[in-house]
Amino acid sequence: MRARDPHETHRVSTPLELLFDLVTVIAIAAVAASLHHAIAAGHAAEGVLHYMLVFFAIWWAWMNFTWFASAYDNDDALYRLMTMVIMAGALLLSAGVPRFFEHLDIGLVVAGYVVMRLGLCVLWLRASFHDPERRATTLRYAAGIALVQAGWVALFLLVAPEAALFVPLMLAAFVAELAVPAYAEQASLTPWHRHHIVERYGLLNIIVLGEILLAAVLALQSAWTGTLDLRMVHIALSALVITFAMWWLYFSREDHLQSRHLPHALQWGYGHLLVFAAGAAVGSGFAVLVEIAGGHAHVALRDGDLAVSIPLAAYLVGLWFVRDRFVLKGVARWVLLPFALVIAFIPFALSSLEIMAGLMISAVATRAALVAKAI
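First, a word on scope: everything that follows refers to the structure included in this document. None of the values given here were measured: they were computed from a predicted structure.

1. A closer look at the overall build of the protein
The number of helices and strands found in the protein is twelve helices and zero strands. Helices (α) and strands (β) of the protein occur, in sequence order from the N terminus, as α-α-α-α-α-α-α-α-α-α-α-α. A globule of 375 residues ought to have a C-alpha radius of gyration of about 21 Å, and the protein, at 21 Å, matches this closely. Projected onto its principal axes, the C-alpha positions of the protein cover 65 × 55 × 35 Å. When the 375 residues of the protein are sorted by exposure, 54% land in the buried category. Excluding contacts between residues fewer than 6 apart, the proportion of contacts in the protein whose partners are at least 24 apart in sequence is 80%. Surface exposure of the protein reaches about 16000 Å², of which carbon and sulfur atoms provide 71%. Between the mean site of the 22 positive side-chain charges and the mean site of the 25 negative ones, the protein shows a separation of 9 Å.

Pasting the structure below:
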């Protein structure tokens, strides 16, 4: 398992990485569905907290594997088998999502998460044997991951879900997770491939946007019940327009992650948590609107609009944080922020789904015009 060339030409995602993404989309779909049901049942605050905790675990395991693979993927039998072990952990985590949302039961979630993380720990130990130049870095990764997993097991065994310290201890464990790469990479940078990482993140964002398209399909399926329900058609069309605008804004002509400088790479890599979590949550919001229109939800229409507008605004803020503030100049650098602000608060003034769609189109057009003017 020798280090890959960070300047390798034509480096693209492998079939194994795409299979890994397929497992990840199952986990994301499970947590997005649980968020949608929590909001529709009138438990939005609790649902959002649980959503962010589980989504972090899914995203973090995906992210760590992705950056490791970019640096050390040799595609031999042992690497493939350990990757499949990590995938099995992701499925176990997905199975535990409903229990976590209902009772804060972290048993299956922690079991799946620990399988994923310890599988990666084995890969880091293997890399330390074959890459002596970066042995300090690889051993820091392996030790850090193992230590934090011991903390997760201790949390499950020693702290009851109803305890006041339970959620704060989960948050502390996530902070420890975030600290591992920042500490490890200070010894020496792993040879991750910039273009490969950008492609991998883009592919996951497409998966996330698929949650919104799934909600659009649900709306269309509910649009005909003997007569045409125009509200469902309206939801489906708005979801489609907003998805296309979100895709357009993410896949702009400007490069993501323009350098391998560690502070920039950490901000870009970590900041995508907001982009991905918000994108999937927009899909949950549209699913809530489908339930409201069908008379199956226990919340008002405004709550459904807010379930779309708030994560949609967060998605725009996330794009500004990871890309626009670095790559754009002048007014264009800030254009997504005022659109995010208006979108977040528009449901308090108007029934606003079509207005949100129009604002997203305007954000795409305004940003493109200002970028072109700055050239």
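Additional details are given in the paragraphs that follow.
2. Focus on the pattern of salt bridges
One pass over the full model with this rule turns up eleven salt bridges. The partner of Asp131 in a salt bridge is Arg134, with the nearest N and O atoms 3.1 Å apart. Judged by relative accessible area, Arg134 falls into the buried class, the value being 15%. Residue Asp324 is joined to Arg323 by a salt bridge in which the shortest nitrogen-to-oxygen separation is 2.8 Å.

3. Comments concerning the nonpolar core
In this structure, Phe55 and Phe286 are the most contacted members of the largest nonpolar core, which totals 128 residues. With 19 residues, the single largest contributor to this core is helix H9 (residues 262-293). Filtering out sequence-adjacent residues up to four positions away, Phe286 remains in contact with Ile212, Ala215, Ile235, Ser238, Ala239, Ile242, Val308 and Leu353.

4. Here we look at the layout of surface pockets
Sizing a probe to match a water molecule and rolling it over the atoms shows the empty space that remains. The space that makes up the largest pocket amounts to roughly 370 Å³. In terms of lining residues, the largest pocket is bounded by 18 residues, among which Val48, Ala281, Ala307, Ile310 and Pro311 are the most central. Among the elements of the structure, helix H1 (15-40), helix H2 (44-72), H9 and helix H10 (301-327) are those that each provide at least two residues to the lining of the largest pocket. A per-element tally of the lining of the largest pocket places H10 first, with six residues.

Cut-offs used in this document
- Residues numbered from 1 in each chain as written.
- Predicted model: local features only at pLDDT ≥ 70, side-chain atom pairs only at ≥ 80, totals over all residues.
- Heavy atoms only, no water.
- Helix = DSSP H or I, 4+ residues; strand = E, 2+ residues; numbered from the N terminus.
- Rg over C-alpha atoms; globule rule 2.2 N^0.38 Å.
- Buried < 20%, exposed > 50% of the residue type's maximum accessible area, 1.4 Å probe, protein only.
- Contact = heavy atoms within 4.5 Å.
- Areas by Shrake-Rupley, 256 points an atom, 1.4 Å probe, with all protein chains shown as cover.
- Lys, Arg positive; Asp, Glu negative; His and termini not counted.
- Charge placed at Lys NZ, Arg CZ, Asp CG, Glu CD.
- Salt bridge = Lys/Arg side-chain N within 4 Å of Asp/Glu carboxyl O.
- Core = buried A, V, L, I, M, F, W, Y, C linked by side-chain atoms within 4.5 Å.
- 1 Å grid on protein atoms, 1.4 Å probe; cavity = no way out; pocket = protein on both sides within 12 Å on 5 of 7 lines; lining within 4 Å.
- Points joined across faces, edges and corners; volume = space filled by probe spheres on them.

Everything listed is a geometric property; what it means functionally is a separate question.
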